[in-house]
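Overview (structure and organization)
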Amino acid sequence: MKFTVVLAFAALFAVAMAAPAAPEATVLRSESDVGPEGYNYALETSDGTSKQEQGQLKNIGTENEAIAVKGTFSYVGDDGQIYTVNYIADENGFQPSGAHLPVA
């Protein structure tokens, strides 16, 4: 019985190791601009992923100083569709939106 379990595990391990690995993505575009009161960056890769984000310091020099971030990212899902998420992250938390995301 133990031999059968070990043999089955070894067969599953061999199949998993033989599966083709996903090709590595290469960077097609990478831009960034970082300053003392904000930043911008953009990134695109060969696998269809793209990201853009901007952050700005708010209420500078006060007790309520915080950063407000606005951005978007897209990727190709396992089903071949492109998914895009837009978001804001600020004093109200992370707020994503996208056609594929559920709405409360």
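Up top you'll find the structure we're talking about.
This structure is a prediction, so every number in the text was calculated from the model and none was measured. (Residues numbered from 1 in each chain as written. Predicted model: local features only at pLDDT ≥ 70, side-chain atom pairs only at ≥ 80, totals over all residues. Heavy atoms only, no water.)

One pass over the structure, following the stated rule, counts three salt bridges. Of the charged contacts in the structure, one is a salt bridge between R29 and E31, with a shortest N-O distance of 3.4 Å. Note on R29: relative accessible area 25%, which makes it partly exposed. Across the pair K58 and E91 runs a salt bridge whose closest N-O atoms are separated by 3.1 Å. With K58 in strand β3 (residues 50-58) and E91 in the loop between β5 (82-90) and β6 (93-97), this pair connects stretches of sequence that are 33 residues apart. Taking relative accessible area as the criterion, K58 reaches 28% and is therefore assigned partly exposed. (Salt bridge = Lys/Arg side-chain N within 4 Å of Asp/Glu carboxyl O. Buried < 20%, exposed > 50% of the residue type's maximum accessible area, 1.4 Å probe, protein only. Helix = DSSP H or I, 4+ residues; strand = E, 2+ residues; numbered from the N terminus.)

At N59, a residue that is not glycine, the phi angle is positive and equals roughly 55 degrees. Among the structural elements, N59 can be located in the loop between β3 and β4 (66-76). The class of N59 is partly exposed, set by a relative accessible area of 43%.

So, on to the packing of aromatic side chains. The way to describe two aromatic rings as a pair is by their centre distance and the angle between their planes. Under the definition given, this model contains four aromatic pairs. Between Y75 and Y83 the ring centres are 5.6 Å apart and the planes differ by 25 degrees, which places this aromatic pair in the stacked class. When the ring of Y87 is compared with that of F94, the centres are 5.5 Å apart and the planes differ by 40 degrees; the resulting orientation is tilted. Given a relative accessible area of 9%, Y87 falls into the buried group. When its relative accessible area of 53% is taken as the criterion, F94 is described as exposed. Joined through ring pairs, the aromatic side chains of F73, Y75, Y83, Y87 and F94 make up one cluster. (Phe/Tyr/Trp six-rings, centres within 6.5 Å; stacked < 30°, edge-to-face > 60°.)

So, about the sheet that holds β3. Strands belonging to one sheet form pairs held by backbone hydrogen bonds; the direction of such a pair is parallel or antiparallel. Here we have six strands laid out as an open sheet, ordered β1-β2-β3-β4-β5-β6, and antiparallel in their pairing. Here the strands that pair on one side only, and so sit at the sheet edges, are β1 (27-35) and β6. Recorded for the sheet is a direction-independent mean angle of 10 degrees between the axes of neighbouring strands. Both β5 and β6 contribute to a ladder of five bridges, which runs antiparallel. Opposite D90, over in β6, you have G93 as the bridge partner. (Pairing = 2+ DSSP bridges. Axes fitted to C-alpha atoms, helices over the stretch in contact; angles between N-to-C directions.)

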